Structures are given as C-alpha cells and as structure tokens.
Amino acid sequence: MIELNIDGLIGPTHHYAGQASGNLASRENRGSVSNPRAAALQGLAKMILLTELGLPQAFLPPHERPCIRHLRAQGITGTDTEVLTQAWKHQPALLLACSSASAMWTANAATISPAPDTADSRTHLTPANLASQPHRRIEPNQTANLLRLLLPSPTILHHPPLSDVDDCHDEGGANHLRLAPRHGAPGLELFAYGRHAHEAPGLPGFLPRQTRQASEAVIRNHRLAPASTRLPRQHPEAIAAGAFHNDLVAVSNENLLLCHERAWLDGPETIAWIQTAWSRLPAELPLHIVQLAEKRLPLATAMTSYLFNSQVVSLPAGGMAVIAPRECTDSPAAIQILDELRDDPAIPVRELHLVDLRQSMRNGGGPACLRLRVVLPAVDTTHVNPNLLLDTAKARLIGSWIHRHYREELHWSDLADPAFLDESRRALDALTQLLHLGPIYDFQQ
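Residues numbered from 1 in each chain as written. Predicted model: local features only at pLDDT ≥ 70, side-chain atom pairs only at ≥ 80, totals over all residues. Heavy atoms only, no water.

A. Molecular detail of the packing of helix H4 (residues 80-90) against helix H14 (residues 418-435). Their axes nearest at 9 Å, the elements H4 and H14 cross at an angle of 125°. As the angle between them shows, H4 and H14 are arranged oblique. Classified by chirality, the crossing of H14 by H4 is right-handed. Contacts between H4 and H14 involve Asp80, Thr81, Leu84 and Thr85 from the former and Pro418, Leu421 and Arg425 from the latter. Along the lines of polarity and charge, the residues of the contact of H4 with H14 split into three nonpolar, two polar and two charged. (Axes fitted to C-alpha atoms, helices over the stretch in contact; angles between N-to-C directions. Helix = DSSP H or I, 4+ residues; strand = E, 2+ residues; numbered from the N terminus. Parallel < 35°, antiparallel > 145°, perpendicular 65-115°, else oblique. Left-handed = near helix turned anticlockwise from the far one by under 90°. Contact = heavy atoms within 4.5 Å. Nonpolar A, V, L, I, M, F, W, Y, C, P; charged D, E, K, R; others polar.)

B. Focus on the nonpolar core. Formed by 101 residues in total, the largest nonpolar core has its most connected members in Ile6, Leu151, Trp264, Leu307 and Leu338. Here the element with the most residues in this core is helix H2 (residues 36-52); it accounts for six residues. Membership of the second largest hydrophobic core comes to 13 residues, among which are Ile68, Leu94, Leu95 and Ile138. (Core = buried A, V, L, I, M, F, W, Y, C linked by side-chain atoms within 4.5 Å. Buried < 20%, exposed > 50% of the residue type's maximum accessible area, 1.4 Å probe, protein only.)

C. Up close: the sheet that holds strand S3 (residues 110-113). Strand order across the open sheet formed by three strands is S3-S4-S5, with mixed pairing between neighbours. Only two strands of the sheet have a single partner each, and these edge strands are S3 and strand S5 (156-158). On average, each strand axis in the sheet is inclined to that of its neighbour by 15°, with strand direction left out of account. Inspection of the sheet shows S3 paired to strand S4 (residues 123-127) by four bridges, in the antiparallel sense. Its bridge partner being in S4, Ile112 is matched across the sheet by Leu125. (Pairing = 2+ DSSP bridges.)

D. Geometry of the environment of Ala240. With respect to the helices and strands, the residue Ala240 is situated in helix H8 (residues 236-241). Taking the C-alpha atoms as reference, Ala240 lies 26 Å from Trp273; in sequence the two are 33 residues apart.

E. Region of interest: unusual backbone geometry. In the segment running from Arg65 into Pro66, the intervening peptide bond is cis, with an omega of -5°. Secondary-structure assignment places Pro66 in the loop between strand S2 (57-60) and helix H3 (68-73). Not every positive phi belongs to a glycine, and Ser121 is a case in point at roughly 55°. In this structure, Ser121 sits in the loop between S3 and S4. Exposure remark for Ser121: the relative accessible area of 54% places this residue in the exposed category. Positive phi is not limited to glycine here, since Tyr306 has a value of about 55°. Along the chain, the position of Tyr306 falls in the loop between helix H10 (299-305) and strand S12 (311-314).

F. Highlighting the packing of helix H13 (residues 392-405) against H14. Put simply, H13 and H14 touch, their axes get as near as 10 Å, and they point 165° apart. Judged by the inter-axis angle, H13 sits roughly antiparallel to H14. Seen along the crossing, H13 lies across H14 with a hand that is right-handed. Packed against H13, whose contacting residues are Lys394, Leu397, Ile398, Trp401 and His405, the element H14 presents Glu423, Arg426, Ala427, Ala430, Leu431, Leu434 and Leu435 at the interface. When grouped by side-chain class, the residues that make up the contact of H13 with H14 number eight nonpolar, one polar and three charged.

G. Region of interest: the state of the cysteines. Evaluated as defined, the whole model comprises zero disulfides. As a non-bridged cysteine, Cys98 has Cys67 as the owner of its nearest cysteine sulfur, 5.7 Å distant. Judged by its relative accessible area of 1%, Cys98 is buried. Counting only cysteine sulfurs, Cys328 is the nearest neighbor of Cys259, a cysteine outside any disulfide, at a range of 16 Å. On the basis of relative accessible area, Cys259 is assigned to the buried category, the value being 0%. (Disulfide = S-S within 2.5 Å.)

H. Layout of H13. Spanning 14 residues, H13 covers 20 Å between terminal C-alpha atoms, matching the ideal 20 Å at 1.5 Å per step. Where H13 is concerned, the buried positions are Lys394, Ala395, Ile398, Gly399, Trp401 and Ile402. Across the axial projection of H13, the buried residues extend over an arc of 160°, all falling on one side. Those residues of H13 that are exposed and angled more than 90 degrees off the buried face are Thr392, Arg396 and Arg404. (Expected span 1.5 Å × (residues − 1). Arc of directions from axis to C-beta.)

I. Looking closely at the side chain of Gln42. Position of Gln42 among the secondary structure elements: in helix H2. Other than its neighbours up to four places away in sequence, Gln42 contacts Asp356, Leu357, Arg358 and Gln359.

J. Here's a closer look at the sheet that holds strand S14 (residues 349-355). Pairing is mixed in the open sheet, where three strands are placed in the order S12-S13-S14. Two strands in the sheet have a free side with no partner beyond their single neighbour: S12 and S14. Taken over all neighbouring pairs, the strand axes of this sheet differ in orientation by 20° on average, direction set aside. As paired strands, S12 and strand S13 (residues 320-325) are joined by four bridges and run antiparallel to one another. Within S13, the position partnered with Val313 by the bridge is Ala321. The strands touched by helix H11 (residues 332-343) within the sheet are S13 and S14, with S14 carrying the most contacts at an inclination of about 145°.

K. The arrangement of the environment of Pro140 in detail. If you trace the backbone, Pro140 turns up in helix H6 (residues 140-150). Here Pro140 falls in the buried class, since its relative accessible area comes to 8%. Along the primary structure Pro140 and Val312 are separated by 172 residues, whereas in three dimensions their C-alpha atoms are 26 Å apart. Apart from the residues within four sequence positions on either side, Pro140 is in contact with Pro127, Ala128, Asn129 and Pro161.

L. Summary view of the pattern of salt bridges. The full count for this structure, using the stated rule, is 22 salt bridges. Between Arg209 and Glu171 there is a salt bridge, and its shortest N-O distance comes to 3.9 Å. One end of the pair, Arg209, is in the loop between strand S7 (188-191) and helix H7 (212-221); the other, Glu171, is in the loop between S5 and strand S6 (176-179), with 38 residues separating them in the sequence. Given the relative accessible area of 3%, Arg209 is considered buried. Three or more residues joined by partner-sharing salt bridges are found here, namely Glu64, Arg72, Asp80 and Arg425. (Salt bridge = Lys/Arg side-chain N within 4 Å of Asp/Glu carboxyl O.)

Next up, the structure:
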C-alpha cells in the first residue's frame, strides 16, 4: 500500500474575508491584505518537502474564482463583467463567498476509506458536501471532478457528495481519523461529529459543522464494519475554543494517535474503545496514544499553535515525520511537546519539520488542512494522473507560474475588478496548458 498525499494549489483569489464561522484566525484577520503569491509558494514548499522525504505527492488545481456560474444561479444576469459589477454593488458578501480560495484545504475535499477496511476490498471516496458554510457549499461538484481526474483507477469507488437532505452536513477528512498497524492492514476509523441533525446550534458563531447523520451515511456507503468504526462527538469546549474541525484537536497516522483530552465529549470511552478494538486487530506494532491534558496544552494554545493540525506521515525508511506549523515555536509548551515526540525512542516519530504557512494559517488552515491522505494499493498508483503528481521539474514550472500570475497584495475589494477576473482566468488557463489538463474550467468551455 502507498500513502499518497493530495494538496490543493492555492488560488490567485486567496483573501481574508472572515467567512468561516467558528474559525478564530479567519475572523481575526478579516479585512487584512493577503499575499496570494506567498500563500501559493508556501503551500508548494510544503509539497516539495514531502517529495524530498520520499513520499508521493499529488495536487489539485485551484477552483475557478470568482465563480460566475454561481452568481448567475442567484439571479444576477448580464455579461461576466456586468455580473461581477452587480454582485459587488448589491450583494458584496455573495461575491466574496464566490471568490473564496478555500478549496485549497483538501482535508475537506473528501472522506476516503482504504481497501483493507471495506467489505468489498475497494477504496471508497466520498467528496464532502460542505453544506454548513455558504462559501464552501459551491465546491463539491468541482472537487469531485478533480478527484476523478486525479484518481481514475477502476478499483476506487467515487461516491457522489451526500445530499443535504435532512440537515446532512459533511466536512470530509477533517473529522476523520484512521488507525492501523500499517497502511496496508485493516484498521479502525473514527468519524467525529459536532451535532445531530436539526439539533439546536451551540454558541453564536460556533455552529458545529459535521452532523452525525452525515458520518453514518459515509460509513454505510463505504461498507465499513460497525466493529471497526466509532462516532465520537466533538467536545463542545473544543468547538467553543475554535476547533471547528476535529483535526485541530486530534491527528493520527498508522499506530500513533495524538489528541487533546477534550477532543471528544466521551474522551475516556473513546480511548478505551480504541484500545479494545486495536487488541482485536492482527497488530504487528503496538498502539501509541499520546493524550495531552488541558493543563499541559490549553485549548487556547492548541488553537494558536495548530499543533494537532500537524501532518504526520510514514517515512519510507521507517518511522514517522511530523510536519508542524512554524507557529508552534511561539508556544514553549507546543514546541516542547513536539521535541519530546521526536526524541522519545518509544514513539515512532523520527523527524520534525517546521513549515511556514503563515498565509494559510491566517485564514485558519495548517499543514493537515492542506492535505488529503489516500492509501492505495501499489497497483493503483499506476492509475494516478501523472500530470497531477509533483516532481522536481513540475515544482519548478509551477513555482514560475505562480511568480508570473499571482499578486503580492490583494484586498477583497480587488475581487470586484473585472480586470482581476481576466487576470485570474489567464492564470488558470496557463496552468491547464502547463499541466496538459485540457479544458476543466467553465470559462474554457
């Protein structure tokens, strides 16, 4: 089995509109001037690091933004320029939502269950419907098309996004954890949820996003065994602190789980279930659970450092690497925890890499937010679209493309400029030609 990491190329409309409810960083940086060029280069640098570690790295192109098609669907008519102008004049919040570069966070792109866990021994993939957030609700169909373009293997079952009937809100892999002795062995899958459908919301601005009903539907569609799945509820205190997704308070990789003691409302019971269920697996390696107490790492510090949003990967030569945001160095507690993980011989972490993702972090997305992990049989990697696999030459080409087409400064008012719409489209058109992808955007049809 091969671990394939999929990141989203950060698009040229990366801006700070503060649209994500419950996301403290997004709210605090609302209205700030962004640097799309730096954002894209920082994301690319993280992907290059993964390739240097010997791991296959794929990427998804940015979505077309502003999404003129969605503006038209809201009854705004005229030429593209007229639609843009009218939207800014009469519905500026709608234009900002239709210009969001949030598809860059591929942790929300889909939930993926690898073949060893499913009843039919196929890899199952369900694109997230992202129904809880207006600016993300426009992503699923384009994301599904891009995932099919990247992963055309006949052994991967691409499900459609869940219908948002009966308040079924699905946020994808950001609320999904998998534990297994190794990637190719049967494992345990945890689906964290924030509320039941039609349940009253929590604190104003901190609406739990994932519904239990959505998680249950994914479990059924992926044909997962009940004995190897669990649905822990997100802890309300974690949500109120800013953990809008569970990957801000828990991260896993193979036989390692790192979590906050308030990751789940029934934390002790969930930990006990994991330990019992693990004992029934044909485990070749011991399970390592590192649970951090509130006294050791307060939730407030977890939110500013994004320690749990680190990306943990298995190294080809053995052991694991943690790719953590550089913001962890601002917290003595966070950096000490990371150093201890790396230096403890009983824990499989061997390397620690601190990465600069400041542009993404200011909108509330760290290393793990930018990554969707897919575990595939080795034979399936021959079906991965080579045009969307990163190597040294392609990284150099993409870097040059970013330098040519991305602005160093962008305020949200720039999104109303028809010249910027043309500029963004030229960038995406150049990218599809560079990667030999053909016409994948509406404006190219």
